[in-house]
Amino acid sequence: MEVPCCQCTTFSTISSNQDPIEIHKRKLLMWFNHLPKEEEQFGCLFSSETMHVAPLIIERRDEERAGLLQSPYQTQISSSHSLTEEQLFEPTNTWSEGRGLNVLLYGAVGTGKATIVRKLVLDWCKGTTMTRFKLLVPFSCEDLSQLSKVVSLRDLVGRKYLHLKKHPLLNGERDQAKDVLFLFNGMEKMQLDFRIGSSELCSDPNEPLPSHVIIVNLLRKYLLPEASILMVTRLSAVEYIPQKYVSRYAQICGFSDPDRQRAYFTSRLLQSEEAAHNQEAQTLIELLYLNLQSESQLAAACFLPSYCWLTCATLHLLHFTSAQAPIRTLTGIYTSFFRLNFGGEVLGTKTGTSVSIQDYHSSLMMYVVRTVGKLAFDGVMNKRTSFSDKELEQWIGGKTKTDEELHQLAMFQTDVLDFFLAPCVKSGKHLSKELFENDDKQYVFAVPAMQEYLAALYVVLGENKSALEKLTSQMSVAIGQASEDVSALVNILSKFVPLRLFAIFNLLKLVPKLYERMSSRNKGKIARTMAAEMFRTEDSYNEDVLDQVEQSLLGVHGPQPQKYDGSQPFELYPIFMGGLLQYSNRVLLKQLDCNIQSTTVVQITRALRKYLVRELSKPQPPEELMDLLVLLYEFQNPRLTEEVLSSIKSIRLTNIRMTSLKCFILSSVLSCTSSSYHLKELDLSSCFLTCNMLQMLGPALRHSHILNLQFNNLGPDSCILLRDLLLDPKTCLSSLQLCDNPLLDSGIRIMLEALPENQSLVYLSLMHTGLGDIGALELAERLQQHPGLQELNVAYNIISDKAAATLVDACREHPSIHTVHLYFNPITDEGKQSLYGRGVPINEGSNRWVKVLASVTEGSDISEDWHPILKVIQENASSWDRKRVKQQLKVFLQDLEWGRKMQQSFWKRLHFRKVQKSVQATLQILEKDSSSKETK
């Protein structure tokens, strides 16, 4: 994680009566309280004080320190005791009076070095730790390594902290420096050379010297020997500082137990007062804690605080997305994760050398892409998530040749490799039988999605090109750069020498054009791969990709999800490829020296549109449609989104477990279309929708003709949103299905306020919504104000005879209603007979009649609509009150038996018998299901 480098501009005017150290503390508080913008997503109350959870710090003995570089793949087990920040500077056995301590604090990438530095500085400023030191002077070694001019120690401090210029604690007189602590963060950035011939001895703090010589003399205790020094560095740089100049070694070991991890998650996910009292947030923390306690792969990953941050950021996106918050994407979170951990990081050369490494390998992130990314890509292509030791050696550094490359590889393995790969905890999941038979130790990516992100980045950056493509690319760049100069030279010489001698130069100009065509074909392959991976047949039975991400973090509680086959799905891979082409992600990647050209984005986008439209011409299951919406959202390209959606006539997301994020995605994607774009149907039945989710979906609902909101958790408060939807002049809603939502009379009455002004609604289903007599009478009164309604379904409610009769009368007098559903209401047999009579015209001059569906029978005859009624019951019986459904079916059987006995015709009695068997079969299925549940 990033730490302020203390390079802020200081004020040039300081009051003479102000204590310089107090000024210093205020400025350090201001600088080190600044948090990266990535932390803003956790809420406005988020701060350094509330966020900090101390990583484990272990004191290391000399033999343990020496063994750290021998095996980067093995975890060191130590009996050393833990330390606090205050205990770092307690006297050691080798300490002598009058000399300060040199403490070397080290750790691998992601263990929490930056967090400890920030907290230590802030606590010193507040007087809660390191109180033995009157002055703390933090330096960024990355900043110091850029100094080209010689400077004295006192001038160096004054240059970085103007208020400390010529401070008496740094003048070297008496033992005043014992109250000073120098903090050097990122010591691996300094090229320190402890040889006398390279770094002269100096004890004068006023003597100008190169910055690295000043640090060497401070560590030698020639310069301000009473001062204490805290050095923070990577694991691989421990050996750069001779042992005789280090008083104590301390290793940052991250979060060693689930309780520390839980404290970290709580500090972020329960930050606000609202979240702290939110039952969903509390449940989220509990599920996460259970997964950590189960020694899962996530627990192994969250040993590193950086992965705890990634887990928190992902869960915050999945569960706490709101329409008011800035747009965040999953790809953006992973890209920010890399920027926080690898921003500005490079693979340095051996200490003592002055030659910087080649630009080709200068960026640590690019080195990760070319090594770990290549391994991830091979795993995705071969549907594998685990790798053996031999495969790691083959893919990571297998072709190193020079000493410099071997040194870089050693540094990478020590500092970075364990950051990405960890020993497999759960054996048997997505691993081949051959690997178990050989009993090889297997390694997996610390977070499964990390493999797909790195594989996508490897492809988008063009690192999977063939050798010929790479050679052609280099030739194209070289010839393209020289073409203008060559053309100018040819034009001059052509006046003296025949032009045909220079025809060869014109041929060379064709190379860039040839490369451009090859490059375009390559980008087309990337787009085709994205579309193919999005709609793989074997993945169509999996849950949607966001649910898969959540399960990887929280675990699966209850029955395991069914899969088409035993292979690992890599459905995030194409989504990450699209997300990496987003402009904001490309800007962040450019800071990591990973450049994705705009021409590459244009070529991939153009080809992707064609392939997506082709795939969408085939019927897609709800899970695949949800994944497509996620891809379009991650891409953040409104033009592509509109062109792809223009080929979609219906969006059916039945049984998708909708969350606030999924609702926001659906709304955002549909908002990219024009106001004239309309879906034939938007099916959101059985999606666990709530009122808050419905509010987030508001812009999306206007685009559909048929809106199916059946079997959700919409209460009376949701009816305010539904009323506003019906009143919206931009809405084209013709069918609204609200079955199995507890709207109640109070909610339905609010929604009915929109009927006078709405002109588009044709079909309204209020089946099983808790509609009673009061609501039914209100509905009967309002019907005449909406002349366009044609069918009304109020079945399975609590409407009695009188209210039902009033409603049927209103429907009969309505100019366009032809059908009203009233079955499964507590209506008596006499009431049903009355309803059938009320459905026909009363006056001889009137030809208005309405079909009343109150039972499978109409008097002594079978209703023409008995089959649709029975079908509705069969489809919904699993979610309805089984006792009431069985009771109603028995009433149907009684009506059928009475009607059959009243018939004289043999064929009619046979027809009655057929319907009776269908009802009995439905009843038997319900009784069988009930008995099986009671047995369980």
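Before reading further, recall that the structure is shown in the block above.
Bear in mind that the values here come from a model prediction, so they are computed numbers and not experimental data.

Conventions and cut-offs
Residues numbered from 1 in each chain as written. Predicted model: local features only at pLDDT ≥ 70, side-chain atom pairs only at ≥ 80, totals over all residues. Heavy atoms only, no water. Helix = DSSP H or I, 4+ residues; strand = E, 2+ residues; numbered from the N terminus. Contact = heavy atoms within 4.5 Å. Buried < 20%, exposed > 50% of the residue type's maximum accessible area, 1.4 Å probe, protein only. Arc of directions from axis to C-beta. Core = buried A, V, L, I, M, F, W, Y, C linked by side-chain atoms within 4.5 Å. Phe/Tyr/Trp six-rings, centres within 6.5 Å; stacked < 30°, edge-to-face > 60°. Lys NZ or Arg CZ within 6 Å of the ring centre and 35° of its normal. Pairing = 2+ DSSP bridges. Axes fitted to C-alpha atoms, helices over the stretch in contact; angles between N-to-C directions. Patch = residues over 30% accessible without salt bridge, like charges linked within 9 Å, V, L, I, M, F, W, Y side chains within 5 Å. Areas by Shrake-Rupley, 256 points an atom, 1.4 Å probe, with all protein chains shown as cover. Salt bridge = Lys/Arg side-chain N within 4 Å of Asp/Glu carboxyl O. Lys, Arg positive; Asp, Glu negative; His and termini not counted. Charge placed at Lys NZ, Arg CZ, Asp CG, Glu CD. Parallel < 35°, antiparallel > 145°, perpendicular 65-115°, else oblique. Nonpolar A, V, L, I, M, F, W, Y, C, P; charged D, E, K, R; others polar. Disulfide = S-S within 2.5 Å. Right-handed = clockwise from strand over helix to strand, strands pointing away.

Here we look at the overall build of the chain
Next, step 1: Regarding its fold elements, the chain presents 38 helices and 20 strands.
Next, step 2: In the chain, 78% of the contacts between residues at least 6 apart in sequence involve partners at least 24 apart.

Description of helix 24 (residues 583–591)
Next, step 1: Taken residue by residue, helix 24 has Asn585, Arg586, Leu588 and Leu589 as its buried positions. Each buried residue of helix 24 sits inside an arc of 160° when the element is viewed along its axis, so together they form one side. Those residues of helix 24 that are exposed and angled more than 90 degrees off the buried face are Tyr583 and Lys590.
Next, step 2: If you follow the buried residues of helix 24, they end up packed against helix 13 (330–342), helix 18 (448–460), helix 23 (572–580) and helix 25 (598–616).
Next, step 3: Positive phi appears at Asp593, one or two residues downstream of helix 24, with a value of about 65°.

Points about the nonpolar core
Proteins that are soluble and globular tend to have nonpolar side chains buried together.
Next, step 1: Judged by nonpolar contacts, the single largest core of 176 residues is most densely connected at Tyr307, Phe420, Met450, Leu454 and Leu822.
Next, step 2: Beyond its immediate chain neighbours, meaning those up to four positions away, Phe420 contacts Tyr307, Phe338, Phe342, Val368, Val372, Val444, Phe445, Ala446, Met450 and Leu454.
Next, step 3: Grouped together as the second largest cluster of nonpolar side chains are 71 residues, Val137, Phe184, Leu223 and Leu224 included.

Digging into the packing of aromatic side chains
Next, step 1: For the structure shown, the criterion picks out 27 aromatic pairs.
Next, step 2: Taking 5.8 Å as the distance between ring centres and 25° as the angle between the ring planes, the aromatic pair formed by Tyr334 and Tyr453 counts as stacked. Pair noted here: Tyr334 is in helix 13 and Tyr453 is in helix 18, with a separation of 119 residues, a long-range link.
Next, step 3: The exposure class of Tyr334 is buried, given its relative accessible area of 3%.
Next, step 4: Ring plane angle 85° and centroid distance 6.1 Å describe the contact between Tyr633 and Phe664, whose orientation is recorded as edge-to-face. On the criterion of sequence distance, the pair formed by Tyr633 in helix 26 (residues 622–635) and Phe664 in helix 28 (residues 660–670) is long-range, its members being 31 residues apart. Take Tyr633 and Phe664: they sit in the same class, and that class is buried.
Next, step 5: In textbook terms, an aromatic cluster arises when at least three aromatic residues are bridged by ring pairs, as seen for Tyr307, Trp309, Tyr334, Phe337, Phe338, Phe342, Phe419, Phe420, Tyr453 and Phe576.
Next, step 6: Over the ring of Tyr289 we find Arg262; its NZ or CZ atom is 4.4 Å from the centre of that ring.
Next, step 7: Sitting above the plane of the Tyr611 ring, Lys610 keeps its charged end 5.1 Å from the centroid.

A closer look at the sheet that holds strand 9 (residues 421–423)
Next, step 1: Reading across from one edge, 8-10-9 is the order of the three strands in this open sheet, with antiparallel pairing throughout. A strand with exactly one partner marks an edge of an open sheet, and here the two such strands are strand 8 (386–387) and strand 9.
Next, step 2: Where strand 9 lies against strand 10 (residues 443–445), three bridges are found, and the strand directions are antiparallel. Within strand 10, the position partnered with Pro423 by the bridge is Tyr443.
Next, step 3: Along the sheet face, helix 14 (residues 364–381) touches strand 8, strand 9 and strand 10 and points at about 95° away from the line of strand 10.

So, a positive patch on the surface
Next, step 1: Together, Lys525, Arg528, Lys610 and Arg614 give the surface a local cluster of positive charge.
Next, step 2: Elements represented by at least two residues in the positive patch include exactly helix 21 (510–534) and helix 25.
Next, step 3: In this fold, Lys610 is placed in helix 25.
Next, step 4: Among the residues examined, Lys610 registers a relative accessible area of 42% and is labelled partly exposed.

With respect to the sheet that holds strand 3 (residues 102–107)
Next, step 1: Read from one edge of the open sheet, seven strands run 2-1-7-3-6-5-4, paired in mixed fashion. Where the open sheet ends on each side, the last strands, each with one partner, are strand 2 (82–83) and strand 4 (135–140).
Next, step 2: With four bridges joining them, strand 3 and strand 7 (residues 248–252) adopt parallel strand pairing. By the bridge assignment for strand 7, Val103 is matched with Arg248.

Description of the pairing of strand 4
Next, step 1: Summarising burial for strand 4: six of the six residues are buried, a large majority.
Next, step 2: On strand 4, burial covers both faces: Leu135, Val137 and Phe139 on one face and Leu136, Pro138 and Ser140 on the other are all buried.
Next, step 3: Examined bridge by bridge, strand 4 and strand 5 (residues 180–185) share six bridges and lie parallel to one another. Bridged to Ser140 within strand 5 is Asn185.

Things to note about the packing of helix 10 (residues 279–293) against helix 22 (residues 545–554)
Next, step 1: Running from N to C, helix 10 and helix 22 cross one another at 60°; their axes reach a closest spacing of 8 Å. Here helix 10 lies oblique to helix 22, going by the angle between them. On helix 22, the residues touching Leu284, Leu287, Leu288 and Asn291 of helix 10 are Ser552, Leu553 and Leu554.
Next, step 2: Of the residues that constitute the contact of helix 10 with helix 22, the class distribution is five nonpolar, two polar and no charged.

Examining helix 22
Next, step 1: Taken across its ten residues, helix 22 has eight buried, putting it largely inside the fold.
Next, step 2: Buried residues of helix 22: Val545, Leu546, Asp547, Gln548, Val549, Glu550, Leu553 and Leu554, and no others.
Next, step 3: Gly555, located one to two residues past helix 22, shows a positive phi value of around 80°.

Here we look at the pattern of salt bridges
Next, step 1: Within the structure shown, the criterion is met by 29 salt bridges.
Next, step 2: Ionic pairing is found between Lys662 and Asp544, a salt bridge with its closest N-O pair at 2.9 Å. In this pair, Lys662 is assigned in helix 28 and Asp544 in the loop between helix 21 and helix 22, connecting sequence segments 118 residues apart.
Next, step 3: Here Lys662 falls in the buried class, since its relative accessible area comes to 1%.
Next, step 4: Its salt-bridge partner being Asp724, residue Arg723 comes within 3.4 Å of it at the nearest N-O pair.
Next, step 5: With a relative accessible area of 38%, Asp724 lands in the partly exposed category.
Next, step 6: Salt bridges sharing partners connect three or more residues here, namely Asp544, Asp547, Glu550, Arg657 and Lys662.

Quick look at the state of the cysteines
Next, step 1: Applying the stated criterion across every chain yields a total of zero disulfides.
Next, step 2: Left unpaired, Cys302 is separated from the closest cysteine sulfur, that of Cys308, by 4.0 Å.

Notes on the pairing of strand 5
Next, step 1: A large share of strand 5 lies buried, amounting to five of its six residues.
Next, step 2: Here five bridges tie strand 5 to strand 6 (residues 228–234), and the two strands are oriented parallel to one another. The residue bridging Phe182 from the neighbouring strand is Ile229, located in strand 6.
Next, step 3: Since strand 5 and strand 6 lie parallel, the crossover through helix 7 (residues 211–220) that links them has a hand, and here it is right-handed.

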